[in-house]
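Topology and contacts: notes
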Amino acid sequence: MSGTPGPGAGDRSAGPDGRRVVLVTGGTRGVGAGIARAFLRTGADVVVCARRPPDEPVAAAGRTARFHSADLRESAAVQEVFTWLAAEYGRLDVLVNNAGGTPHRPLDATDAARHVRILELNLLVPLAVSLAARPLLRTRPGPQQGTAGAIVMIGSVSGTRPSPGTAAYGAAKAGLENLARTMAVEWAPHIRVNTLVLGMVGTPAARAHYGGDAGLAAVGRTVPAGRLAEPDEIGEAAVFLASDRAAYVTGAGLLVHGGGEAPAFLAAAHGGTT
């Protein structure tokens, strides 16, 4: 496994010289790429990891994220990522646990083993990655020494309400937010841990799922904000939670859902409108 450098990413003194080092799991596309781009715009050195490289480099503001290949479901691969990070940068300032996802599948449409794999990817992988990241997040050299490292979990409104068709995913995301709150208590004051609780996001996968731009717009009209979030908007929220502006924010869940979902009974009571 190896890291593919972007401009300036191979400078091992970059972190101690002032640039933060950020790892975004699943950062090669969709929400993860939006998060990576937002951190690139702050001047951070960004590493994205996934099983496969991005179709095109993840870049913003004239800078490019560095790609590192890893299947985070394998414990040896998780450890290798952080061994590599320590050798390349000697530090880690921010971890964004974004890797995850699920197909749409009713509970009784498959066997328990498939649901277990969804639970593993969306709950146990962030736990394993966070544990492996902890030593680097605690012992950061240079100007950031003495300030808290940051972990941002990418949660979902699916973990806050019934999640038909994605039950295991919803259960995992509910567990992830609880894990983050507990981690925030156990690892304070050295590491801050927060969760972004996402609603619907206008990724290419969402566009395909909802039937193209017209379907995406129709779904967006069900959101009080009138549209779905853009991946880079999620990124800006992640940047905030990882920044010194949020230095007193830990164990929190920030809802980024455009106002949520209007109750279905209101639409029924008003003839399909809210």
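Data block above holds the structure.
The numbering scheme is per chain: residues are counted from 1 as the chain's sequence reads. Per-residue local features are limited, in this predicted model, to residues with pLDDT of at least 70; the limit for side-chain atom pairs, both in listing and counting, is 80 or more; totals at the level of whole chains, interfaces and linings are taken over all residues. With hydrogens and water set aside, each side-chain value is computed from the structure's full complement of heavy atoms.

**A short note on unusual backbone geometry**
Quick note on the threshold: Only DSSP runs of H or I covering at least 4 residues are called helices, and only runs of E covering at least 2 are called strands; the numbering of each starts at the N terminus.
With an omega dihedral of 0°, the bond running from Ala188 to Pro189 counts as a cis peptide bond. With respect to the secondary-structure elements, Pro189 resides in the loop between helix 4 (167-187) and strand 9 (191-198). In the Ramachandran plot, Ala61 falls in the positive-phi region, its phi being about 55° despite a non-glycine side chain. Along the chain, Ala61 turns up in the loop between strand 4 (59-60) and strand 5 (63-64).

**Some remarks on the pattern of salt bridges**
Our working definition: Any carboxyl oxygen of Asp or Glu that lies within 4 Å of a side-chain nitrogen of Lys or Arg is treated as forming a salt bridge with it. Classification of residues uses two cut-offs on accessible area relative to the type maximum, computed with a 1.4 Å probe and protein chains only: under 20% is buried, over 50% is exposed, and between them is partly exposed.
Within the structure shown, the criterion is met by eleven salt bridges. Across the pair Arg41 and Asp232 runs a salt bridge, and its minimum N-O distance is 3.1 Å. A residue pair is termed long-range when its members are at least 10 positions apart, and Arg41 in helix 1 (residues 30-41) and Asp232 in helix 7 (residues 231-242) qualify at 191 residues. On the basis of relative accessibility, which here comes to 22%, the residue Asp232 falls in the partly exposed class. We note a salt bridge from Asp45 to Arg63, for which the minimum N-O separation is 3.1 Å. Here Arg63 lies in strand 5 and Asp45 lies in strand 3 (residues 45-50), a separation of 18 residues in the sequence. Take Asp45: its relative accessible area is 2%, and that puts it in the buried class. When salt bridges that share partners are traced, they join Arg37, Arg41, Asp232 and Glu236 into one network.

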